[in-house]
Amino acid sequence: MPRVWEVPVHDSTRVRDARVAAERAAALAGLDEARTAAAALVATELATNLLKHAGGGRMLVDLVAPPMPSDGACLVQIAAIDHGPGMADVAAALRDGFSTTRSLGAGLGTCRRIADGFGLHSAPGRGTVALARVGARPKDPAPVAVVRAGGVNVPFAGAEYSGDAWAWARSGDRLTLMLADGLGHGPQAARASTAAVQALHRAAHLPPAEALVHLDTALRGTRGAAVAVAQVDTGAGLLRFAGVGNIGARLREGERWRSLLSRPGIVGVHRHATLREDRLTWAADRLLILHSDGLPSRWTPPSDADLPAADPAVVAAVTVRDASSSAWPVRDDTAVAVLAPTPAEAP
Ligand SMILES: [Mn+2]
């Protein structure tokens, strides 16, 4: 089940909580002592930065599974999200040894160097997202894929488990991204969305509408879930999409965003005779965002020109941050998952 640690960081006592969360996640991921220490260092640095530069923020620590079980074990994902003033110079902040305040901190450059994946997005006046993934260092680096996926998962009211789950799976030229929202929240919701994740890995070779039929069978006996499945066929330059229930989907095509629509229903409870499947062109300027209804339905997608090149999990964190406001109190788990092309030269 998607165990998530959410740590609000508004004073220095919470820096320790962020570090402990990273250590617990590292234990669940089976990381050795050295990589656990790396995760703890990253969490400490990012939490300290929240206090120093943004007047506080929140940390999200969770586990991210690779697209194929054979790709290795889970990684620990550590995200720091703030509504602070933003950074004037992101490139400078990433240089080793750079610091805007006198400190003995490791610095963002060190975080990037020791992490297996790192992303930083900062917008003046909106805030900063810094995100790192730490796993067991593989002996051979995985080949660079042309499509990437990532996401964040925020349990309702700081709960330990989210009833939402996202997952990705690779099969030949096809990369499939799924987001599932188990009915309600809490452990029973998490059981339904976890069943969807497991079933997805058995159905990754199928187009989305057919995969949803398999998921429907797998979710019998659970509460059921809203599920959307998006699949990029990189060989054909094609995006297929199908969804059942209340999962939002927005596709960026160059400068424009369009919504992809799901059918009403509940996977695992009520099965449709036929499912519509959208077929769209996938290209280098596309970006797909899937989200559960923890996000307000009227959110505005981010317009930053640099987002398609950003780490997909960073895009997801920026989306959650910018969509949340005191006018729309969160009443449910919130998961956001993103599909993005891999830039020709990784940032
Ligand atoms: Mn929900």
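Above this text sits the structure in question.
Bear in mind that the values here come from a model prediction, so they are computed numbers and not experimental data.

(A) Seen up close, the overall build of the protein chain. From N to C terminus, the protein chain includes 7 helices and 15 strands. At 19 Å, the protein chain has a C-alpha radius of gyration in line with the 20 Å of a compact globule built from 347 residues. Principal-axis analysis of the C-alpha atoms places the extent of the protein chain at approximately 65 × 45 × 40 Å. Considering the protein chain as a whole, with its 347 residues, one finds that 55% of them fall into the buried category. Contacts in the protein chain between residues far apart in sequence, at least 24 positions, make up 70% of those at least 6 positions apart. Accessible surface, the protein chain as shown: approximately 15,200 Å² in total, 54% of it carbon and sulfur. Across the protein chain, the mean location of the 36 positive side-chain charges is 2 Å away from that of the 34 negative side-chain charges.

(B) Focus on the environment of Gly125. By the element assignment, Gly125 lies in the loop between β4 (117-123) and β5 (127-134). Its relative accessible area of 62% is what places Gly125 among the exposed residues. Excluding residues that lie within four positions of it along the chain, Gly125 makes contacts with Gly84 and Pro85.

(C) Looking closely at the sheet that holds strand β7 (residues 164-171). Read from one edge to the other, the open sheet built from 5 strands follows the order β7-β8-β9-β10-β13, with strand pairing classed as antiparallel. Looking at which strands have only one partner, the edges of the open sheet turn out to be β7 and β13 (278-281). In this sheet, neighbouring strand axes are inclined to one another by 15 degrees on average, regardless of whether the strands run parallel or antiparallel. Bridging between β7 and strand β8 (residues 174-182) involves 8 bridges; their strand directions are antiparallel.

(D) Seen up close, the nonpolar core. Formed by 34 residues in total, the largest nonpolar core has its most connected members in Val42, Leu46, Met59, Val76 and Ile78. Mapped by element, the contributors of at least two residues to this core are β1 (4-9), α1 (13-29), α2 (33-54), β2 (57-64), β3 (75-81), α4 (108-114), β4 and β5. With residues up to four places along the chain from it excluded, the contact list for Ile78 reads Ala22, Ala39, Val42, Ala43, Leu46, Met59, Leu60, Val61, Ala130, Leu131 and Ala132.

(E) The arrangement of the coordination of the manganese ion in detail. Within the protein, Asp181 (OD), Asp293 (OD) and Asp332 (OD) serve as the donor atoms for the manganese ion, at 2.1 to 2.3 Å. Mapping the donors of the manganese ion onto the primary sequence yields the spacing D-x111-D-x38-D. Of this pair, Asp293 sits in the loop between β14 (286-291) and α7 (312-323) while Asp332 sits in the loop between α7 and β15 (334-341); the two residues are 39 residues apart in sequence, bridging distant segments of the chain. For Asp293, a relative accessible area of 36% translates into the label partly exposed.

Criteria and cut-off values
- Counting starts from 1 at the beginning of each chain's written sequence and moves along it residue by residue.
- In keeping with the predicted nature of the model, local features appear solely for residues at pLDDT of at least 70, side-chain atom pairs appear and are counted solely at 80 or more, and the whole-chain, interface and lining totals rest on all residues.
- Calculated side-chain values reflect all of the structure's heavy atoms, with hydrogen atoms and water omitted.
- Labels follow the DSSP assignment, with helices taken as runs of H or I lasting at least four residues and strands as runs of E lasting at least two, numbered in each case from the N terminus.
- With the radius of gyration taken over C-alpha atoms, the globule rule is written as 2.2 Å times the number of residues to the power 0.38.
- Buried residues are those whose accessible area, probed at 1.4 Å on protein chains only, stays under 20% of the maximum for their type, while exposed residues exceed 50% and partly exposed ones sit between those limits.
- We call two residues in contact when some of their heavy atoms are within 4.5 Å.
- For the accessible areas, the method is Shrake-Rupley and the probe is 1.4 Å, while residue cover comes only from the protein chains on display.
- We treat Lys and Arg as the positive residues and Asp and Glu as the negative residues; His and chain ends play no part in the count.
- To locate a charge, take atom NZ for lysine, CZ for arginine, CG for aspartate or CD for glutamate.
- Should DSSP find at least two bridges between two strands, the strands are regarded as paired.
- To obtain an axis, a line is fitted to C-alpha atoms, over the contacting stretch when the element is a helix, and the angle between two such axes runs from 0 to 180 degrees between their N-to-C directions.
- Only buried residues count toward a nonpolar core. Its members are Ala, Val, Leu, Ile, Met, Phe, Trp, Tyr and Cys residues joined through side-chain atoms within 4.5 Å.
- For Na, K and Ca the donor cutoff is 3.2 Å, while for all other metals N, O and S atoms must lie within 2.8 Å; water is not among the atoms, so some sites may look incomplete.

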